[in-house]
Amino acid sequence: MEATLTFLGTGTSMGVPTLGCTCAVCASAVSPDGDARNRRTRPSALISWEDHNVVIDTGPDFHAQALRENLRSVDAVLYTHGHADHILGMDDLRPLTFRHPAGIPLYADDSTADTIERIFDYTFRKQDRYATSARVTLNRLSSGPGTEVSLFGARFQRIPVTHGRQTITGYRFGSAAYLTDLNEIPTESLPLLADLDVLVLDALRRQPHPTHSTLDNSIKLVEQLKPRRAFFTHMSHDLEHAAIDAMLPPHIRLAYDGLQLTFDITAP
Ligand SMILES: [Zn+2]
Ligand SMILES: [Zn+2]
Ligand SMILES: [Zn+2]
């Protein structure tokens, strides 16, 4: 079954332009003569098929992203981890949840679910619940091997990835995988990433970083995993879109906000 992946945001936690920065990439991101692909909101992806919309992460830019993409309904949200740039937009789901009597299901591993419950405690508390809180149900994903969620005929497999000292959650769905915020992919996860059409991968910048992959490291991971196409995301202002894209092999591209691609979501 054909599905569309829309990059809602492709920036790192600070976004591009980065507040207070006057570098050429940040300037290009906001200048009318600049390259709009350098403007990167916080990382998130929308997976759409038939009339279903599943979002991976709701960061602080979710409201603007949903307006930009004319996103009028969300059926489920899958979370990767509990950092601010991935969860702070959860509350913006509220108007979209009111028409779901049973609530929109959220999926998160234990540590992410703990963080979401703590930050949005008024949403999840059993007593004195804030009346117009988001109608969401938080489902905890097991950290054991083979964890997956079935949504509307598609399977979303949890792919453990290494993000500094944490093991966080990436997702594979059909012939595509979305792996943000990682500096390494554990050996056990590699077989789960075979035969991909689309691989979305963290590529923060050129300089090493303790919790994120560099451009060179992500190119190596693509060479190792051999997806048909790869798209880099979670990028900082160190990566100028046109210049970096021009030096990458044709099957690897920098993603940009609003980029859409199609893939088979029911591929085995
Ligand atoms: Zn992040
Ligand atoms: Zn900058
Ligand atoms: Zn993170």
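The structure under discussion appears in the preceding block.
Conventions we followed
Residues numbered from 1 in each chain as written. Chains lettered and ligands numbered in written order. Predicted model: local features only at pLDDT ≥ 70, side-chain atom pairs only at ≥ 80, totals over all residues. Heavy atoms only, no water. Donors = N, O, S within 2.8 Å, 3.2 Å for Na, K, Ca; no water. Tetrahedral: all angles 85-135°; square planar, octahedral: opposite > 155°, others 65-115°. Phe/Tyr/Trp six-rings, centres within 6.5 Å; stacked < 30°, edge-to-face > 60°. Helix = DSSP H or I, 4+ residues; strand = E, 2+ residues; numbered from the N terminus. Buried < 20%, exposed > 50% of the residue type's maximum accessible area, 1.4 Å probe, protein only.

K.L.:
What is the right way to look at the coordination of the zinc ion (ligand 1) in this model?
P.N.:
In an ideal octahedron of six donors the angles at the metal are 90 or 180 degrees, and in an ideal tetrahedron of four donors they are 109.5 degrees. The coordination sphere of the zinc ion (ligand 1) contains the protein donors Asp85 (OD), His86 (NE2), Asp181 (OD) and His234 (NE2), at a distance range of 2.1 to 2.3 Å. Around the zinc ion (ligand 1), the four donor atoms sit at angles spanning 91 to 163 degrees, and that spread fits a shape best called irregular. Spacing between the donor residues of the zinc ion (ligand 1) along the chain follows D-H-x94-D-x52-H.

K.L.:
Any chance you could explain the packing of aromatic side chains here in plain terms?
P.N.:
In this description, a pair of aromatic rings is defined by centroid distance and the angle of the planes. One pass over the full model with this rule turns up six aromatic pairs. On the numbers, 6.3 Å between centres and 50 degrees between planes, the contact of Phe7 with Phe231 is tilted. Taken together, the positions of Phe7 in strand 1 (residues 2–9) and Phe231 in strand 12 (residues 229–233) put the pair 224 residues apart, joining distant regions of the chain. In terms of burial, Phe7 and Phe231 fall into one category: buried. The rings of Trp49, Phe152, Phe156, Phe173 and Phe263 are connected pair by pair, giving a single aromatic cluster.

K.L.:
Just to check I follow, could you spell out the coordination of the zinc ion (ligand 2) for this structure?
P.N.:
Taken together, Cys21 (SG), Cys23 (SG), Cys26 (SG) and His237 (ND1) make up the protein donors of the zinc ion (ligand 2), found 2.0 to 2.3 Å from the metal. With four donor atoms in place around the zinc ion (ligand 2) and angles of 103 to 116 degrees between them, the coordination shape is tetrahedral. Going along the chain, you hit the donors of the zinc ion (ligand 2) in the pattern C-x1-C-x2-C-x210-H. Of this pair, Cys26 sits in helix 1 (residues 24–30) while His237 sits in the loop between strand 12 and helix 8 (241–247), and the two are 211 residues apart along the sequence. Given the relative accessible area of 23%, His237 is considered partly exposed.

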